[in-house]
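The chain contents come next:
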Amino acid sequence: MHCIPPRGGANRPVVLLVNGLFCSSADWVVTGPNNGLAYILSDAGYDVWLGNTRGNVYSKRHLRLSPRDKQFWNYSWHEIGVYDVPAMVDHALNVSRQRSLHYIGHSMGGTIFYVYASTYPAYNSKIRLMVGLAPASYNYYNSNPFFRISSFSKVGAEANMLYNSEIFPKDWVPPILLQTFCRDMGLVQELCSAGLLLLAGTNSTQTNKKSLPIILSHFPAGASLKSWVHYGQQLRSGKFRQYDHGRQLNLKLYGTAEPPEYNTTVITAPVASYISDGDDLVKAKDVDKLHRTLRNSVGVFRVPLSTFNHFDFLWGVDVKSLVYDSVIDLMARF
């Protein structure tokens, strides 16, 4: 975890920012003090904590295993929500000596919150407000080609072992190439931008091409292949449920042929979600379905720009005025 200590002394409200798939804590700061959400929240008086989901470049240490070991990668976002989110929440609260915090999750950062809050209902009292920025849960209407490929993933013991690996590690493309070819007016800058759009959505008007070299120096940051596969299973089934290991292993692990669904009806923390029409990954119908199960939905808020895409929630040129100002106003109510 990383932290920006509170300005003006202790007892400032705490906020925990949690990254999405292939991302890291760096993505909240790479666009600088005027547009990076971590800086903006710090300037607004918050004690800012930045989480890192296991397997990314900042979260690869283990007491026994090495990232070279297949067993190291034997997890999906389910384990992150069950084990890592409560550890991050408790650590931030223990250090800050606070009883509750605000939680902001982008994409998978939203997914793992729902896993956490539905698995441990008592932990909901530690959350003042959860803000999901393009938060993924149900995944049925995902139209992104890269993620639709994951819906063809297999299940069973053999597939389980096959998927114990890393996907998109940091520096999978040498940084010197990114800095040379993706810089402003670089030789293939449009190709660099197109690579982001392949994962993000429609042709955004919010891409800051001058920032592309530094963004792509930190993104992607690495993740487990099983986390990507788990989203493919959600897309295929239309359900929000635990990892599908195949009938035989499911019976052994869960006692049922099908994976258990997450009981999001027990989530009592206030939850607000921000979505955008230009996002191919997280669609309004899926977010609305999740919110209909929540006891304390604050609302689903649509970004007022049709071309705003999945990663514009992190790096969009006008993300502060389009999203962050609203988020901070909402947090002040809690």
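Everything that follows concerns the structure shown earlier in this document.
Residues numbered from 1 in each chain as written. Predicted model: local features only at pLDDT ≥ 70, side-chain atom pairs only at ≥ 80, totals over all residues. Heavy atoms only, no water.

Draft legend 1. Layout of the overall build of the chain. The secondary structure content of the chain amounts to 13 helices and nine strands. Computed over the C-alpha atoms, the radius of gyration of the chain is 19 Å, within 12% of the 20 Å expected from 2.2 N^0.38 for a compact globule of 334 residues. Expressed as lengths along the three principal axes of its C-alpha atoms, the size of the chain is roughly 50 × 50 × 40 Å. The buried share of the chain, taken over its 334 residues, is 57%. (Helix = DSSP H or I, 4+ residues; strand = E, 2+ residues; numbered from the N terminus. Rg over C-alpha atoms; globule rule 2.2 N^0.38 Å. Buried < 20%, exposed > 50% of the residue type's maximum accessible area, 1.4 Å probe, protein only.)

Draft legend 2. Structural detail: empty space enclosed by the protein. Scanning the model with the defined rule gives four cavities of 30 Å³ or more in all. Of the voids in this model, the largest cavity is the one considered here, and its volume is about 120 Å³. As for the largest cavity, its lining consists of 14 residues, of which L21, S107, F147, L281 and H310 are closest to the centre. Broken down by class, the residue content of the lining of the largest cavity amounts to nine nonpolar, five polar and no charged. (1 Å grid on protein atoms, 1.4 Å probe; cavity = no way out; pocket = protein on both sides within 12 Å on 5 of 7 lines; lining within 4 Å. Points joined across faces, edges and corners; volume = space filled by probe spheres on them. Nonpolar A, V, L, I, M, F, W, Y, C, P; charged D, E, K, R; others polar.)

Draft legend 3. Up close: the side chain of S224. When you line up the elements, S224 lands in strand 7 (residues 223-224). For S224, the side chain forms a polar contact with the main-chain oxygen of Y75, separated by 3.0 Å. With residues up to four places along the chain from it excluded, the contact list for S224 reads W73, Y75, S76, S165 and I167. (Polar contact = N/O pair within 3.5 Å; in protein donor to acceptor, adjacent residues only side chain to side chain. Contact = heavy atoms within 4.5 Å.)

Draft legend 4. Structural view of unusual backbone geometry. Following F219, the chain continues to P220 via a peptide bond in cis, the omega torsion being -5 degrees. Its identity as a non-glycine residue notwithstanding, S107 has a phi of 55 degrees, on the positive side. By secondary structure assignment, the location of S107 is in the loop between strand 4 (101-106) and helix 3 (108-119). Of note, F168 is a non-glycine position whose phi angle comes to about 50 degrees, a positive value. Looking at where F168 falls in the secondary structure, it is placed in the loop between strand 6 (166-167) and helix 6 (175-181).

Draft legend 5. A look at the pattern of salt bridges. Inspection of every chain in the model, using the stated rule, returns six salt bridges. Across the pair R54 and D84 runs a salt bridge, and its minimum N-O distance is 2.7 Å. On the criterion of sequence distance, the pair formed by R54 in the loop between strand 3 (47-50) and helix 2 (77-96) and D84 in helix 2 is long-range, its members being 30 residues apart. The class of R54 is partly exposed, set by a relative accessible area of 26%. For D84, a relative accessible area of 18% puts it in the buried group. Between K60 and E166 there is a salt bridge, with its nearest N and O atoms 2.8 Å apart. Here K60 is found in the loop between strand 3 and helix 2, whereas its partner E166 is found in strand 6, with 106 residues between them in sequence. (Salt bridge = Lys/Arg side-chain N within 4 Å of Asp/Glu carboxyl O.)

Draft legend 6. View of the sheet that holds strand 5 (residues 127-133). The seven strands are arranged 1-3-2-4-5-8-9 in an open sheet whose pairing can be described as mixed. Both outer strands of the open sheet, strand 1 (2-4) and strand 9 (297-302), are each paired with one neighbouring strand and no more. Recorded for the sheet is a direction-independent mean angle of 15 degrees between the axes of neighbouring strands. Pairing of strand 4 with strand 5 involves six bridges; the strand directions are parallel. Residue pairing for strand 5: G105 is matched across the bridge by G132. Its contacts with the sheet place helix 2 against strand 2 (14-18), strand 3 and strand 4, and it is angled at close to 150 degrees to strand 2. (Pairing = 2+ DSSP bridges. Axes fitted to C-alpha atoms, helices over the stretch in contact; angles between N-to-C directions.)

None of this, on its own, says anything about what the molecule does.
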